[in-house]
Amino acid sequence: MRFISDGLFLGAIVMAISSTAAAGAEAFPPVSDRAPISTPHFPDALHATVWRNWHLVPPHRLAKVLNATVEQVTGLATSMGLPRDPQVPPEMIDRGYLTIIRCNWHLLPYEQLEQLLGVTSSQLAFTLREDDGLYIKLGSMKPKCEPVRYVEPSSEARRRAALIKQRVQQHFNQSAGRPWEPRFAFVSALSQADGTVKQPQAPSKSAGSEGPRFVYSYFALFGDPLIHPDLDPYPAGLLQRLRQQGVNGVWLHVVLRQLAPGGPTFPEWGDGHPQRLANLRALVDRARQFGIDVYLYMNEPRAMPSPFFRDRPEMAGVTEDDYTALCTSNPRVRTWLSDSLAHVFREVPGLGGIFTITASENFTSCASHGHREDCPRCKHRSNTEIIAEVNSAMAEGVHRSAPDAKVIVWDWGWQPWVRSGDPKPAKPIDPEAPGDAPDIVNRLPRSVWMMAVSEWSLPIERGGVKSRVGEYSISAVGPGPRATRLWQLAKQQGLKTVAKVQLNNTWELSSVPYLPVMDLVAEHCSRLAQAEIDGMMLSWSLGGYPSPNLELAQRFSQRPAPDPQAALQATAEQNFGPQAALHVRQAWTKFSRALAEFPFHIQVVYRGPQQLGPANLLYAVPTGYAAGVVVAPYDDLTQWSGPYPSDVLAAQFQKVAEGWADGLADLRAAQPLVPENLQRAAVADLGVAEAAQIHFASAANQARFILARDKLRSAKDNDQRQRLREELISLLDKEIELARRLYDLAVVDSRLGYEASNHYYYVPHDLMEKVINCEHLREQYAAGS
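Each chain carries its own residue numbering, running from 1 in the written order of its sequence. Reporting of local features is limited, given that this is a predicted model, to residues whose pLDDT is at least 70; pairs of side-chain atoms are given and counted only at 80 or more, and all residues count toward the totals for whole chains, interfaces and linings. To obtain the side-chain values, all non-hydrogen atoms of the structure were included, while hydrogens and water were left out.

**Here we look at the state of the cysteines**
The criterion for a disulfide is a pair of cysteine sulfur atoms lying within 2.5 Å. This structure, assessed with the given rule, holds 0 disulfides. Here Cys 378 stays unpaired: no disulfide links it, and the sulfur of Cys 327, its closest cysteine neighbor, is 3.5 Å away. Here Cys 774 stays free of any disulfide, with the sulfur of Cys 103 as its closest cysteine sulfur at 17 Å. Taking relative accessible area as the criterion, Cys 774 reaches 0% and is therefore assigned buried. Any residue under 20% of the maximum accessible area for its type is buried, any over 50% is exposed, and the rest in between are partly exposed; the area is computed with a 1.4 Å probe on protein chains only.

Right under this line is the structure:
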C-alpha cells in the first residue's frame, strides 16, 4: 500500500480503493473501550509522541499534528536529549508507513494518525485491512487514545525530561559522533549495478530452460507494486546480484482485477490496468536481460464486499465477515479468471508464470477457508474439486497466451483432514496423511508444477516438548513427510515439483537480512538435490536479500550436486578468503547447532518477542493486551510460549543465544585473516550475526522478566520479594546492555530491524527508548516497589 508523499501516491491509493469500492468508503476497524498502554518512562503522552516520531516524520508535520510550532516540538525533543535536527529519511513515509502506524498505535487516535501520514480516513482504513493484515498484526484492537495536543510542560514534566536527557547522555554519548546510516540506505546500495559483481557467464533471454529458483525482493512493498515505477521493486542492481547467486526468477504480489479489464461481467474492474501492465512489461524486459523470469502471485478470485453482489446474486458464495466469495461454481467467474490471465500474458510477452495459493491467505473461493457447505452451489461439491477447478481455470488462461509459462500450484492451506469434501472429523487424522492432495493432484492439468513447503510436518523435539513443523523453519531441516508424499504423487502424475524453502531467514527471526546458519542450509539443499526436485521457491516476503546463503544454495543446483562440506568450504573461501575459512566454518557450525535449539512452534514464531528483540518494552504491571502477529508481542508470555512451559521457552532461547555467542567468538577471530577486498563485507556479516544473537538473548530475558515480575506481584515473603527484585534488576541491566549493543550496530547498518512486509520493527531511537524504559523500572525496583 502506498501513501501520499506530497501527492505522489494519491492516484495509487484511489485506484486500489476503487477496485473494492462497490461497498462504499472503507470503514475504520472499531475503536475499543480499552485504554492504551501507558508510557510512564516519559513525562506524558506528548513527550512520548515527540520522542517516537522524531526520526520518522519531519518536525513541521509533527508540529501540525500536535497543534504546536516547530520551535515548541523541537524544544520538547532537545529537552529529552534528542538532536535539534533529526535525520528523517525521505523514504520513511513511502516505505516505512507501517512503522509509523505501529509506533503511534497506543498514542494517537485515528484522526491524528491520518494527519501524521498525510492520508484520508479511507486510505488509512484500507491499509489497516489490506496491507498484509496490519490490523490483525496489531492485535485486532485499536485502543481508545485521546488526542495529543501541545501544552507548555509543567515543572515536573521538565524535571523528568531532563532525567531522560541525562540517561541518553550516560548511555549513548559515546555513540553520538558515529556516522549514522540513514534508514533505507540499503535500497540505493542494492539498486546500483556494481561493476565488481560479475554478470552471469552466459545470460539468457529467459530462465525457461532452467528449473525455477525464484525469490521476493528484499524491499518491495507488498501492496500494489506496479502502479508507480519510481518505487521499483527490482532495480537493475538487485537483479544483477540475485542472478549472480543463482536466482533465475522473482515474484510480485498482485491483485488480478487491477491487472486486466473486467469485461462485461465486471465492468467496474481494471482501473489503472494499462499503466500496471506497462510497468510490468518494463520489469519483465529488464529482468530478462539478467536471465531472470518474473512470476505473479495469484491468490484469486479475491472476495468482495457483500454489496458488490446486489445485482449478481448468482455469483455470491460464502460470506465471511463483510466479504463474500466470488463463487467459482459459476462458470462466468471461472471464465473471468481465465480470460484475465490470458489478457495479462498476452499483453506482457515473456512473463515467466504464476504460483497459486487456493486454500489460505486472502478469502477467495468458497473452499478457500473451508466453509463451502454454506454456499448453495458449492455445498454439493467437494473442496478438492473446487480447489482443482480454480487452479485449472488459471492454468488454462495462462497457457492460452503463453504455453511455455510455468503455473506452479502450491499446497499451502490444503487440509489433511479434508477428504473429497467430507466434513472435518472430531479428531484430526495423521498430519502426515496426504488428505486433499491425491484428489487435487489427480484433477490438475499435466502442464502445472506442484509445490510444497519442504519442512512441513517434520517431527521435532525441543526442550522436551514434541511437536511438528507447521510454518517455515530453517532450524528444522527438510524435506518432511508431507512434502515428500506430495512430490511422489505429483511425479506419478507426470508433474514437475518445486520445494518452497526459506534459506535466508524465517519468522524464527526476520529482523536480520540473513541468518548465517550455513550448515543447516547446506544440509537442506543437499537433501533436496537427492530428492531430485525440479525447482525451488527461495523465499516468501521475507528472505530475499542477496546473501552468502543464496550463494551456497546455488552450488547445489549443479548436477551432480557437490558434497555439502566441499560447498561450505568453497563458500567460506569465496566470502572470507582461504586463511579465514576455518574460523568461519567453525562459526557457521556453532550458529547452526544453536538455532537447532530454537523453541519452534507456529505460535512462538508469530507471537513471540524475537522480531523486536530489545526494542520490545517491559512493564511493571501486566498490560492485559494479547499478542498480535509478529509486530506486537506486548508482554503476553502465555501466547509467546505456545506448547512450551514458559520457563522452558526462556531456557531454549537462552540455549540459542549462548550457542550463538560461541560462534561469534570464531567469527571475530576470522576478521584479521580476511583479505582487504573482502573486509567490508566480512565486518557487515559479523554485525548481522551479532544482531541475531542479541535478539535471541533478549527473548530469553523478556520471558524471565515477566515470570519474575508476576511472582513478585503475588509474593508475600519479604526475603522472596527482595530476591525477585534483585533478579528483575539484573534482567533490566542485561536488557540495557543488549539495547545499547544493538543500537551501535543498527546506526551503521540500515538493514537491521527491517523486513519487507512489516517495514522497520525498530529504528535506533526505539532502542534508546528501551534503555529509558529499563532505567525507569530499575529505579522503581531499587526503591522497593
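Past the structure itself, the notes keep going.
**Focus on the pairing of strand β3 (residues 293-298)**
In terms of burial, β3 is a largely internal element, 6 of the 6 residues being buried. Secondary structure elements are defined from DSSP: runs of H or I of at least 4 residues count as helices, runs of E of at least 2 residues count as strands, and each element is numbered from the N terminus. Judged by which residues are buried, β3 turns out to be covered on both faces: Asp 293, Tyr 295 and Tyr 297 on one side and Val 294, Leu 296 and Met 298 on the other are all buried. As paired elements, strand β2 (residues 249-253) and β3 share 5 bridges and run parallel to each other. The residue bridging Trp 251 from the neighbouring strand is Tyr 295, located in β3. Crossovers are marked right-handed if the path from the first strand over the helix to the second runs clockwise, as seen with the strands pointing away from the viewer. Read as a crossover between parallel neighbours, the route from β2 over helix α13 (residues 273-288) to β3 is right-handed. Looking at chain direction, β3 and strand β7 (residues 353-356) are connected through 4 bridges and run parallel. Counted as the bridge partner of Met 298 is Thr 356 from β7. At least two DSSP bridges between two strands are needed for those strands to be called paired.

**Some remarks on the sheet that holds strand β8 (residues 406-410)**
Strand order around the closed barrel formed by 8 strands is β1-β2-β3-β7-β8-β9-β12-β13, with parallel pairing between neighbours. This sheet shows a mean twist of 25° between the axes of neighbouring strands, independent of strand direction. Orientation is described by axes fitted as lines to C-alpha atoms, over the contacting stretch for helices, and by angles from 0 to 180 degrees between their N-to-C directions.

**Overview of the side chain of Thr 356**
Summarising the element assignment, Thr 356 is placed in strand β7. Overall, Thr 356 belongs to the buried group, its relative accessible area being 0%.

**Some words on the confidence of the model for the chain**
Close inspection of predicted coordinates is inappropriate for parts of the model with low pLDDT. Counting all residues, the mean pLDDT for the chain is 91, and 91% of those residues have values of 70 or more. Segment residues 197-208: pLDDT under 50, and 22 contacts once partners within four positions in sequence are set aside and those in other chains are kept. Values of pLDDT, the confidence the predictor places in each residue, fall between 0 and 100. Residue contacts are counted whenever heavy atoms from the two residues lie within 4.5 Å of one another. Confidence over residues 417-429 falls short of pLDDT 50; this stretch has 18 contacts with residues more than four positions distant or in other chains.

**A look at the nonpolar core**
Within this scheme, the nonpolar core is defined by two criteria: the residues are buried Ala, Val, Leu, Ile, Met, Phe, Trp, Tyr or Cys, and they are joined through side-chain atoms within 4.5 Å. Judged by nonpolar contacts, the single largest core of 266 residues is most densely connected at Leu 280, Trp 540 and Trp 660. With near-sequence residues (within four places) excluded, Leu 280 lies in contact with Leu 226, Leu 252, Val 294, Leu 296, Val 344, Val 348 and Leu 351.

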